[in-house]
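# Notes for the structure review
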Amino acid sequence: MVIHMIIFSRLLSYGGGRETWLSNFLDEIEGRAGINRINLYYFIDSESIVKDEIETEKFKQVKKFKIQLPSQSGKTMSLIRMFKFIFFQSIAINKSIKDSSDKEHCFLGIGSFIESITALTARLVCLSKNKKLITVAWIRGVLARESSSRHSALVLRLMEFTEKFMLNRFHFVISNGKDTQDIYESKGISSRLINNAIPLEPYENISPNNVRKDPFIVSYIGRLSAEKGFIHFIEAVKIFKKKYHGLPVTFHVLGDGPLESLLKENSSLFEYLGVMNNKKMTRYISTIDAGVALTLTSEKIGGSGVSNGLLELMGAGRLVICWENPIFTQVLSKESAYYAQEGNIDLLVEQIYRAAVSDDNFYIKGIRAKEISRSYSMKNHVDKFLELISDIHSK
């Protein structure tokens, strides 16, 4: 079988959760029985840095298909980029199928919109005979929530209509978290649940901290955006610094995104570490004490799914300070994390204080989080995916 993985991304190693997941997924699926080749379809543009793309050269089965897109500049150009990606990558997929001796091909869209449209378009225009084709969409977020701040209500409705129309024509859809699955079920889109995962081996020798360090390091790792709670984090740090001035607590920020402009005006609040190659993340996490996970769940602005960042904190046994919402309660509990009511900045400040200063049994939460992380192994994750596509092919 050949798996055609479609991702509207530059494939930068520090690009975010999808890129981290993809790198880990390729590590695990390499050499699995029945998988003869994996083709990656992505794009490059003026912001691409080829040397910083996720490593694929080490994989004998992986071949990359990139398309050059014009620079991002306004909504008209966004449409041009989208249609150019769909058109030319659909052609590339079909040429690859035509040139392949394999009889079984899986079109795998890593996303519910551009990637899924590309996968279905490639299948619809495929002229290759005597080949078995299946289409799979892997949902890693809720389109309406992620797009609401950038588009009008009319455009959002059109996008949701298109998304539903497309997804209901796939052989199956995968959700990366129970909360994501529930949201799409309510929209009339059924899906199979395969929770997000990480490779556990790099974290095996990292033990939960049982003694507080000086300073105690709390880190925000991820996209600097409103839906990820970055604004709430900044406000919480401001209050913490004022209320608990002098306490040995240091705050880190690691990542990039649309709210980078807030970094300069708040530079005195935290140490900004820029972006980091996902292969170096394990070592960094081993040096901190706690991480905040603040993705929102509002219909107007928010996210969904089990994130790589959350699982990495858990795998290392680091303390997790997060909102008490479905994104995090599907994984953790009050015995394994410090919860604050979503959007309640004052309570978030107090939970940071508890973790850093006042909770004598703080390390127990880290131990329990590490134990829970063992249920999210990349090996089991890939096993479940291969079982699903095997079931489709056997029918």
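Here is what the cut-offs are and how they apply
- Residues numbered from 1 in each chain as written.
- Predicted model: local features only at pLDDT ≥ 70, side-chain atom pairs only at ≥ 80, totals over all residues.
- Heavy atoms only, no water.
- Helix = DSSP H or I, 4+ residues; strand = E, 2+ residues; numbered from the N terminus.
- Expected span 1.5 Å × (residues − 1).
- Buried < 20%, exposed > 50% of the residue type's maximum accessible area, 1.4 Å probe, protein only.
- Arc of directions from axis to C-beta.
- Contact = heavy atoms within 4.5 Å.
- Pairing = 2+ DSSP bridges.
- Axes fitted to C-alpha atoms, helices over the stretch in contact; angles between N-to-C directions.
- Right-handed = clockwise from strand over helix to strand, strands pointing away.
- Patch = residues over 30% accessible without salt bridge, like charges linked within 9 Å, V, L, I, M, F, W, Y side chains within 5 Å.
- Areas by Shrake-Rupley, 256 points an atom, 1.4 Å probe, with all protein chains shown as cover.
- Salt bridge = Lys/Arg side-chain N within 4 Å of Asp/Glu carboxyl O.
- Parallel < 35°, antiparallel > 145°, perpendicular 65-115°, else oblique.
- Left-handed = near helix turned anticlockwise from the far one by under 90°.
- Nonpolar A, V, L, I, M, F, W, Y, C, P; charged D, E, K, R; others polar.

Let us now look at helix H13 (residues 362–373). Here H13 spans 18 Å end to end across twelve residues, near enough to the 16 Å set by a 1.5 Å rise per residue. All buried positions along H13 are accounted for by Phe362, Lys365, Gly366, Ala369, Lys370 and Ser373. Viewed along the axis of H13, the buried residues span an arc of 135°, placing them on a single side of the element. The elements touched by buried residues of H13 are helix H10 (308–315), strand E12 (319–323), strand E13 (338–340) and helix H12 (345–358).

Turning our attention to the sheet that holds strand E8 (residues 216–221). Here we have six strands laid out as an open sheet, ordered E10-E9-E8-E11-E12-E13, and parallel in their pairing. Strands at the two margins of the open sheet, each flanked by one partner only, are strand E10 (271–272) and E13. Two strands pair when backbone bridges link them, and E8 and strand E9 (residues 249–254) are joined in this way by six bridges, in the parallel orientation. Bridged to Tyr220 within E9 is Val253. Helix H7 (residues 230–243) rests against E8, E9, strand E11 (290–293) and E12 of the sheet, and its axis sits at about 160° to E9. Its contacts with the sheet put H12 on E8, E9, E12 and E13, and the angle it makes with E13 is roughly 170°.

Side chains of strand E6 (residues 172–175) alternate between two faces, with Phe172 and Ile174 and Val173 and Ser175 buried alike. In this structure, strand E5 (residues 132–139) lies alongside E6, joined through four bridges in parallel fashion. Residue pairing across strands places Trp138 opposite Ile174, the latter belonging to E6. Sheet topology places E6 next to strand E7 (residues 192–193); two bridges connect them, and they run parallel. For Ile174, the partnering residue across the bridge sits in E7 and is Arg192. In terms of handedness, the path from E6 via helix H6 (residues 178–186) over to E7 forms a crossover that is right-handed.

A cluster of nonpolar side chains, contributed by Phe87, Phe88 and Ile91, occupies part of the molecular surface with about 300 Å² of accessible area. Structurally, Ile91 can be placed in helix H2 (residues 75–99). For Ile91, a relative accessible area of 43% translates into the label partly exposed.

Turning our attention to the packing of H7 against H12. For the pair H7 and H12, the least separation of the axes is 9 Å and the interaxial angle reads 60°. The orientation of H7 relative to H12 falls into the category oblique. Between H7 and H12 the crossing geometry is right-handed. Contacts between H7 and H12 involve His232, Glu235, Ala236, Ile239, Phe240 and Lys243 from the former and Ile345, Asp346, Leu348, Val349, Glu350, Ile352 and Tyr353 from the latter. Considering only residue class, the contact of H7 with H12 consists of eight nonpolar, one polar and four charged.

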